[in-house]
There are 2 protein chains.
Amino acid sequence: MPRAGLDAASVVACAAAVADEVGFAELSMGLVAERLGVRTPSLYKHVDGLADLNRRIAVLALNELGDAVRDAIGGRSGSDALGAMARAIRDFVVKHPGRYAATVGMPGGDQADPLDVAGARVITSMAAVLHGYDIAPQDLNHALRTLRSLLHGFATLQAANGFQWDDDAEESFAWLVAFADRGLRRTGG
Amino acid sequence: MPRAGLDAASVVACAAAVADEVGFAELSMGLVAERLGVRTPSLYKHVDGLADLNRRIAVLALNELGDAVRDAIGGRSGSDALGAMARAIRDFVVKHPGRYAATVGMPGGDQADPLDVAGARVITSMAAVLHGYDIAPQDLNHALRTLRSLLHGFATLQAANGFQWDDDAEESFAWLVAFADRGLRRTGG
DNA sequence: AGCCAAAAGCTAATCCGATTAGCCAGCCGT
DNA sequence: ACGGCTGGCTAATCGGATTAGCTTTTGGCT
């Protein structure tokens, strides 16, 4: 029996792909093992069970999302950066609904936890976008949380297909960006 | 052995309470049965398995949320209504994180599906709040989706304790409402 | 009051996915 | 070539969901 040549990274990558295809809720160790041409218990040599696998998928997703957002806002500012960021998130979630779903509701660890580190990168990019607006320093955290709520909710509804914006999705998306832009201006601070 | 006198409604109510206490992800048939002083298989006389139970919890939650929001915005309009609605949602989610979690990612059925009916009631209240703003008719749907994204994301992050707004939560909340209010004004329609 | 069918509980058994235990072969450095 | 570590496998365990089939209560009817 030849070795399959697996490691933690390849298992997680495969699991993320499976999650995107069948939905995060349907992800199972057996499905991943089958995809890798391996028996289920073999996975335990690389990841520490399903909970650990889920968390690693979340870390992968947040890192990928962080990269995508960083790249998207590079060289832009203001509403331009805001729109680019929103679009990057939207594209990511539409393309990878399973791995995005893995990130929601995942409890955080300490600051050194890879999950928190990856999450912090995304937040950092959001903060960078906010710097393009005239927001009082003491309001930055509030604005950050608000923007996070908007974009996260938007992403979650997209992932869950929560509403049928099949038809005029693009228009609604543009409206959302404009809404956020208005909301971030003249903050009264 | 005396009858326990259960019916679908009491089972769902109990399950919702359990979900609020232990978290939606930890909800199990066994936990609900134990709480009701009954053996697990007995529950199948009232609900059609765990998936059905989950869906019923979601229906219950959306109905309760719909009531809460309707009551909150009664007699108010504009930013006043907006703030009341946001607060109603927030209070509900903080008080009932488990049943709110049951609603996210629950696939919809047809229009007669109780879940869709309950969801539509919440949406109707949101639409009512929007009527207090000067939004062009063709933008109403976009505004609705946007507002839904913001409030849903906000609720989800609260339920998941996604960020530590333990400290100045109230201030951030007020900022979010003000942000939405600004975003809904002068829509350029 | 007594009878009967449906409903509601129960026990025992099954199924399935996660997880663990313990065995064995392939790969690496000497 | 040898020895140990690594990664894969089979077999077994565990736990929660679900099903099958039995029994008793309950409510309606005569």
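Provided above is the structure to which this section pertains.
Here the structure is a predicted model, which means the values were calculated and not measured.

A few words now on the overall build of chain A. Secondary structure summary: chain A contains eight helices and zero strands in total. Viewed in the frame of its principal axes, chain A has a C-alpha envelope of about 65 × 40 × 25 Å. Each of the 189 residues in chain A was classed as buried or not, and the buried ones make up 49%. Within chain A, counting contacts between residues at least 6 apart in sequence, those at least 24 apart form 68% of the total. Of the accessible surface of chain A, which amounts to about 9000 Å², a share of 52% is contributed by carbon and sulfur atoms. Across chain A, 18 positive and 23 negative side-chain charges occur, with their mean positions spaced 4 Å apart.

This next bit is on the protein's contact with DNA strand D. In the region of DNA strand D, 21 residues are neighbours, and Arg3, Ser42 and His46 of chain A together with Arg3 and Tyr44 of chain B sit closest. Within 4 Å of the protein, the contacting atoms of DNA strand D are 60% sugar and phosphate, with bases supplying the remainder. Contact between DNA strand D and Leu6 of chain A: a phosphate oxygen at 3.3 Å from a main-chain N or O atom of the residue. Taking His46 of chain A, its side chain carries an N or O atom lying 2.6 Å from a phosphate oxygen of DNA strand D. Considering only residue class, the surface near DNA strand D consists of 10 nonpolar, seven polar and four charged.

Let us now look at the interface of chain B and chain A. Between chain B and chain A, the contact holds 33 residues from the first and 33 residues from the second. A combined buried area of about 3000 Å² lies between chain B and chain A, and 64% of that area is made up of carbon and sulfur atoms. Our count for the chain B to chain A interface comes out at two salt bridges. Among the salt bridges present, the one from Asp168 of chain B reaches Arg145 of chain A, with a minimum N-O distance of 3.0 Å. Counting the contacts that link chain B with chain A gives 14 residue pairs in polar contact (both at pLDDT 80 or more). Mapped onto the side of chain B that touches chain A, the elements with two or more residues apiece are helix 7 (140-159) and helix 8 (169-184) of chain B. The element that contributes the greatest number of residues to the side of chain B that touches chain A is helix 7 of chain B, accounting for 12 residues. Among the residues making up the side of chain B that touches chain A, the classes are represented as 12 nonpolar, 12 polar and nine charged.

Checked against the element boundaries, Asp181 of chain A lands in helix 8 (residues 169-184). Sequence-distant contacts of Asp181 of chain A, defined by excluding residues within four places in its chain, comprise Ser79, Leu82 and Tyr133 of chain A.

The next subject is the packing of helix 1 (residues 8-22) of chain A against helix 3 (residues 50-73) of chain A. All names here are of chain A. Contact geometry for helix 1 and helix 3: axes closest at 9 Å, N-to-C directions at 85°. The orientation of helix 1 with respect to helix 3, classified from their angle, is roughly perpendicular. Here helix 1 contributes Ala8, Val11, Val12, Ala13, Ala15 and Ala16 to the contact with helix 3, which in turn contributes Leu53, Arg56, Ile57 and Leu60. Residue composition of the contact of helix 1 with helix 3, by class: nine nonpolar, no polar and one charged.

Around DNA strand C there are 21 residues in total, and Leu50 of chain A together with Arg3, Ser42, Lys45 and His46 of chain B lie nearest to it. Sugar plus phosphate: this is where 55% of the atoms of DNA strand C within 4 Å of the protein reside. Backbone polar atom of Leu6 of chain B to a phosphate oxygen of DNA strand C: 3.2 Å apart, as the coordinates give it. When grouped by side-chain class, the residues that make up the surface near DNA strand C number 10 nonpolar, seven polar and four charged.

This brings us to the relation of the copies chain B and chain A. The two copies are related by a screw operation: chain B maps onto chain A through 180° of rotation and 0.0 Å of translation along the axis, at an RMSD of 0.1 Å. Here the transformation between the copies is reduced to the relation of a two-fold axis. When each C-alpha of chain B is compared by its distance to the rotation axis, Gly153 of chain B comes out closest, at 1.6 Å. Comparing interface residues between copies, 100% of those in chain B also sit at the interface in chain A, which points to an isologous, same-surface contact.

Thresholds, definitions, all that
- Residues numbered from 1 in each chain as written.
- Chains lettered and ligands numbered in written order.
- Predicted model: local features only at pLDDT ≥ 70, side-chain atom pairs only at ≥ 80, totals over all residues.
- Heavy atoms only, no water.
- Helix = DSSP H or I, 4+ residues; strand = E, 2+ residues; numbered from the N terminus.
- Buried < 20%, exposed > 50% of the residue type's maximum accessible area, 1.4 Å probe, protein only.
- Contact = heavy atoms within 4.5 Å.
- Areas by Shrake-Rupley, 256 points an atom, 1.4 Å probe, with all protein chains shown as cover.
- Lys, Arg positive; Asp, Glu negative; His and termini not counted.
- Charge placed at Lys NZ, Arg CZ, Asp CG, Glu CD.
- Near = heavy atom within 4 Å.
- Polar contact = N/O pair within 3.5 Å; in protein donor to acceptor, adjacent residues only side chain to side chain.
- Nonpolar A, V, L, I, M, F, W, Y, C, P; charged D, E, K, R; others polar.
- Buried area = accessible area lost by both parts, 1.4 Å probe.
- Salt bridge = Lys/Arg side-chain N within 4 Å of Asp/Glu carboxyl O.
- Axes fitted to C-alpha atoms, helices over the stretch in contact; angles between N-to-C directions.
- Parallel < 35°, antiparallel > 145°, perpendicular 65-115°, else oblique.
- Least-squares fit on C-alpha atoms with pLDDT ≥ 70 in both.

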